[in-house]
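The lines below spell out each chain.
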Amino acid sequence: MRIFRYKREETLGAFNFGQYQIYVCTLSNTNGEQSKGITVLCSDSIIEYPFPLDGQKASELSNYLKLVGNGEIPKVFKLKGSLANFFSGTYFKFSKIKDGMLKGRISLGMFFGARTAWVTVKPSSVLACSQAINELYGVNNA
């Protein structure tokens, strides 16, 4: 059974962001057409939220994650939803590095509600996720 118009097909990488699992992957829609993007899965759920990304949005997400992984903490990154995921949005906000770990929160919102989890993530995981997004879109970061 399909809840959203898109589902995960081929996974390039899976990354643990605290209570959330981020999959960098190819997605297929209900017509079988392929797209690139990510899916977000909360640890206590079986529903993956798909986010098909165009090249510009993927680059913005990758750059945000790269900055965070390198210790620069930008404000917040909003990954806006579309009809593909019933306008669900994901918000990343990291606040500090403590004991070599990134501290922050990730919110996954749908309609008028949101689920927020405080997360602790290794900077190397964030950098690996950024690199996987670049690889999926064929971007070479030197």
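Just so you know, these numbers come straight off a predicted model, no measurement behind them. (Residues numbered from 1 in each chain as written. Predicted model: local features only at pLDDT ≥ 70, side-chain atom pairs only at ≥ 80, totals over all residues. Heavy atoms only, no water.)

A. Molecular detail of helix α1 (residues 55-69). Over its 15 residues, α1 runs 21 Å from end to end, which matches the ideal 21 Å to within 8%, given 1.5 Å per residue. Buried residues of α1: A58, L61, S62, Y64, L65, V68 and G69, and no others. Burial along α1 is one-sided: seen end-on, the buried residues are contained in an arc of 160°. (Helix = DSSP H or I, 4+ residues; strand = E, 2+ residues; numbered from the N terminus. Expected span 1.5 Å × (residues − 1). Buried < 20%, exposed > 50% of the residue type's maximum accessible area, 1.4 Å probe, protein only. Arc of directions from axis to C-beta.)

B. A look at the environment of R5. Tracing the chain through its elements places R5 in the segment before β1 (6-17). Sequence separation between R5 and G89 is 84 residues, and the spatial gap between their C-alpha atoms is 15 Å.

C. Highlighting unusual backbone geometry. Unusually for a residue other than glycine, D99 sits at a positive phi of about 55°. Here D99 lies in the loop between β6 (89-98) and β7 (101-110).

D. Structural detail: the packing of aromatic side chains. Under the criterion given, the structure shown has three aromatic pairs. Between F17 and F92, the aromatic rings sit 6.5 Å apart at their centres with planes inclined by 70°, giving edge-to-face as the arrangement. Linking F17 in strand β1 with F92 in strand β6, this pair joins segments that are 75 residues apart in sequence. Of the two residues examined, F17 and F92, each falls in the buried class. Across the ring face of Y23, the terminal group of R8 is positioned such that the distance to the ring centre comes to 3.8 Å. (Phe/Tyr/Trp six-rings, centres within 6.5 Å; stacked < 30°, edge-to-face > 60°. Lys NZ or Arg CZ within 6 Å of the ring centre and 35° of its normal.)

In short, the description is geometric, and any link to function would need to be established separately.
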